[in-house]
Structure formats: structure tokens, C-alpha cells
Amino acid sequence: MIELIGVNAGYEGKLILHDINLKFEPGKITVLIGPNGCGKSTLLKSIVKINPHTSGRIFVNGKEITDYSSTELAKQVAYLPQSRMVPDIPVLSMVLHGRFAYLNYPRRYREEDLKIARNALAWVGMSHLEEENVNRLSGGMQQKVYIAMALAQDAETILMDEPTTYLDISHQLRVMEMAKKMANEGKAVVMVLHDLSQALRTADYVAVLLEGRLIEAGTPAEVYESGKLDDIFKVKIQRLNTETGWHYVCD
């Protein structure tokens with residue numbers, strides 16, 4: 001579990017996050033939503049110490065992140081950034097990057113690492129493409145490779161910054177299905193999403209940020225019923241009860 005208590009964070013001397021209090025629990029999907037520039041990405045980066053927090057406390061499984069080395073923290077938390085290079089390497093080699101935190105010097109992969117990487121590829125349905133170059137795959141396929149790399153990291157928490165950006169609707173839904181499957185297997189899944197309908201439909205817990213502050217948090221139903229989303233995003237959100245549960249539509 002990850003817990004943030006009174007966290008302030010920013011970069012280049014500018015404070016972006018103000019007094020954030022949040023928990024990310026195992027077995028649940030937490031979705032961060034809010035307008036552009038509200039601090040969602042900064043929050044994720046603070047957890048993995050890319051943008052260190054300036055005050056407050058961040059705990060990962062009961063231990064402050066300041067007490068973790070980068071290697072030990074990587075064993076607890078996997079982070080998929082929004083923007084990343086697509087290397088010209090085979091799929092299996094890319095997924096094996098998730099094992100770096102477990103390798104001793106010299107960095108040579110063990111049979112155990114190969115087994116875990118191949119299991120991760122099988123989990124996302126990509127075993128048949130392990131020798132294909134990553135940069136020759138479609139955007140949806142590449143996203144699956146990165147999810148497999150995160151799974152190979154064998155961390156209890158997965159942080160994903162806008163994992164559906166640039167994907168068509170079919171691949172967006174598949175990513176959401178994978179997020180649900182990871183949560184069902186006991187992982188804490190945290191995602192930044194811009195699609196409100198998708199966020200409210202997928203999340204177990206929603207955190208709404210505005211200008212670096214936590215404005216509202218709760219179940220999708222609680223956040224919807226607060227009416228704050230309409231004010232923040234300047235839209236009218238309606239809820240429809242269907243055979244597959246509540247669906248949220250933005251006008």
C-alpha cells in the first residue's frame with residue numbers, strides 16, 4: 001500500500017502539489033483525474049522519487065520512500081511514464097528491463113528472470129512476438145509490452161501515467177481490462193486518465209485534483225454525486241444504469 005500524508009512537491013522551485021493526503025490500496029484501481037497541469041503526473045513522479053517531494057511523508061508498505069534505495073523502491077513500485085522512447089530491441093529484451101532491480105553485478109539474466117519475463121508476456125498475450133522489435137509494433141502492442149515489463153518488475157503497485165493516450169478504443173478497453181485483472185490479482189493499480197467516462201467506469205476509487213490540490217476523493221458514485229466534476233471540467237455528466245453497471249456520459 002502507498003500512503004501520502006501532507007505531501008507538497010514540485011520542480012524548478014515551483015510548488016505543484018499542495019498538502020496531498022491519499023492512499024493507494026492493494027486490489028483496487030485508483031484513477032487520478034483533473035485538468036491539464038493540475039499535478040497528476042507530478043504526484044506519480046514524487047512516489048518514485050523522480051520529482052522528490054519537498055515536505056510531507058510518502059510511505060510504501062509502511063516504510064518511507066526516503067529510506068528506500070532506488071533499487072529497493074523499484075521492487076515495490078513499477079512506473080510507466082506517459083512519454084518514453086521506443087527502442088529498437090526485441091520484445092523479450094524490453095520486458096527483461098523490468099528485472100534490472102533484481103540483478104547483481106555483472107548484470108546477467110538468470111533462468112528465473114527469463115521465466116518471469118516470458119510469463120509476463122504470456123499474461124498480456126504477446127508470447128508469440130517475443131523476438132519482434134518493439135518499434136515495429138503498433139501503439140497498442142507497444143503498450144502491452146510496457147505493461148509486461150512492469151509485471152516482470154514484480155512490484156505490488158503499478159503506476160501508469162495516461163496509459164491509453166494515442167490508442168484506439170479497442171486497445172483502450174484492453175488496457176482497462178488488464179488494469180482490472182492486475183487489481184483482481186491483488187496489485188494496487190494507479191492510473192492518470194483524461195477520459196472522464198472511462199475513469200468513472202473503471203475506477204474503484206477516484207481522486208480529483210485541481211491546481212495541485214485534492215478537491216474530491218471517493219468511489220465513482222460518490223465523486224459523481226458531489227457535482228464537482230461538472231464545475232471543474234465545465235461539462236454535464238450524466239449516469240446511466242446498464243446491464244454491465246453504471247456508465248457515465250459527458251455532454
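Before reading on, note that the structure itself is shown above.
Now for a description of the structure that goes with this document.

Criteria and cut-off values
Residues numbered from 1 in each chain as written. Predicted model: local features only at pLDDT ≥ 70, side-chain atom pairs only at ≥ 80, totals over all residues. Heavy atoms only, no water. Axes fitted to C-alpha atoms, helices over the stretch in contact; angles between N-to-C directions. Helix = DSSP H or I, 4+ residues; strand = E, 2+ residues; numbered from the N terminus. Parallel < 35°, antiparallel > 145°, perpendicular 65-115°, else oblique. Left-handed = near helix turned anticlockwise from the far one by under 90°. Contact = heavy atoms within 4.5 Å. Nonpolar A, V, L, I, M, F, W, Y, C, P; charged D, E, K, R; others polar. Pairing = 2+ DSSP bridges. Expected span 1.5 Å × (residues − 1). Buried < 20%, exposed > 50% of the residue type's maximum accessible area, 1.4 Å probe, protein only. Arc of directions from axis to C-beta. Polar contact = N/O pair within 3.5 Å; in protein donor to acceptor, adjacent residues only side chain to side chain. Salt bridge = Lys/Arg side-chain N within 4 Å of Asp/Glu carboxyl O.

1. Here's the deal with the packing of helix α5 (residues 139-152) against helix α6 (residues 169-184)
- Contact pair α5 / α6: the axes reach a minimum separation of 10 Å and the direction vectors enclose 15 degrees. With respect to α6, the element α5 is oriented roughly parallel. Seen along the crossing, α5 lies across α6 with a hand that is right-handed. On α6, the residues that touch G140, M141, Q143, K144, I147 and L151 of α5 are H171, R174, V175, M178 and M182.
- Here the residues of the contact of α5 with α6 are counted per class, giving six nonpolar, three polar and two charged.

2. Brief notes about the sheet that holds strand β4 (residues 53-60)
- Ordered by their spatial adjacency, four strands build an open sheet running β2-β1-β4-β5, and the pairing between neighbours is antiparallel. The two strands at the open ends of the sheet, each matched to only one other strand, are β2 (14-24) and β5 (63-64).
- Note that strand β1 (residues 2-11) and β2 share seven bridges and pair antiparallel. Bridged to Y11 within β2 is K14.
- Along the sheet, helix α1 (residues 40-47) contacts β1, β2 and β4; its crossing angle with β2, the most-contacted strand, is approximately 70 degrees.

3. Side note on α6
- The end-to-end C-alpha distance of α6, which contains 16 residues, comes to 23 Å, matching closely the 22 Å that a straight helix rising 1.5 Å per residue would cover.
- The complete set of buried residues in α6 reads H171, Q172, V175, M176, M178, A179, M182 and A183. For α6, the buried positions fall inside an angular range of 155 degrees around the axis, keeping them on one side. In α6, the exposed residues that point more than 90 degrees away from the buried face are I169, E177 and N184.
- Buried residues in α6 make contact with β3 (29-33), α4 (111-123), α5, β7 (157-161), β8 (188-192) and α7 (196-202).
- Where α6 begins, the side chain of D168 points an oxygen toward the backbone nitrogen of S170, at a separation of 3.2 Å.

4. Considering the pattern of salt bridges
- According to the stated counting rule, one finds ten salt bridges in the structure shown.
- Between R118 and E130 there is a salt bridge whose closest N-O contact spans 3.0 Å. Linking R118 in helix α4 with E130 in the loop between α4 and α5, this pair joins segments that are twelve residues apart in sequence.
- Here E225 ties to R239 by a salt bridge, and the two come within 3.4 Å at their closest N and O atoms. Remark: R239 occurs in strand β11 (residues 237-242) and E225 occurs in helix α8 (residues 220-226); sequence separation between them is 14 residues.
- Residue R239 is classed as partly exposed on the basis of its relative accessible area of 22%.
- In the salt-bridge network here, residues are joined through shared partners; they are R99, R110, E112 and D113.

5. Focus: unusual backbone geometry
- The backbone of D19 sits at a positive phi, close to 50 degrees, despite the residue not being glycine.
- Within the secondary structure layout, D19 lies in strand β2.
- Classification of D19 by relative accessible area gives partly exposed; the value is 48%.
- Unusually for a residue other than glycine, N61 sits at a positive phi of about 55 degrees.
- Along the polypeptide, N61 turns up in the loop between β4 and β5.

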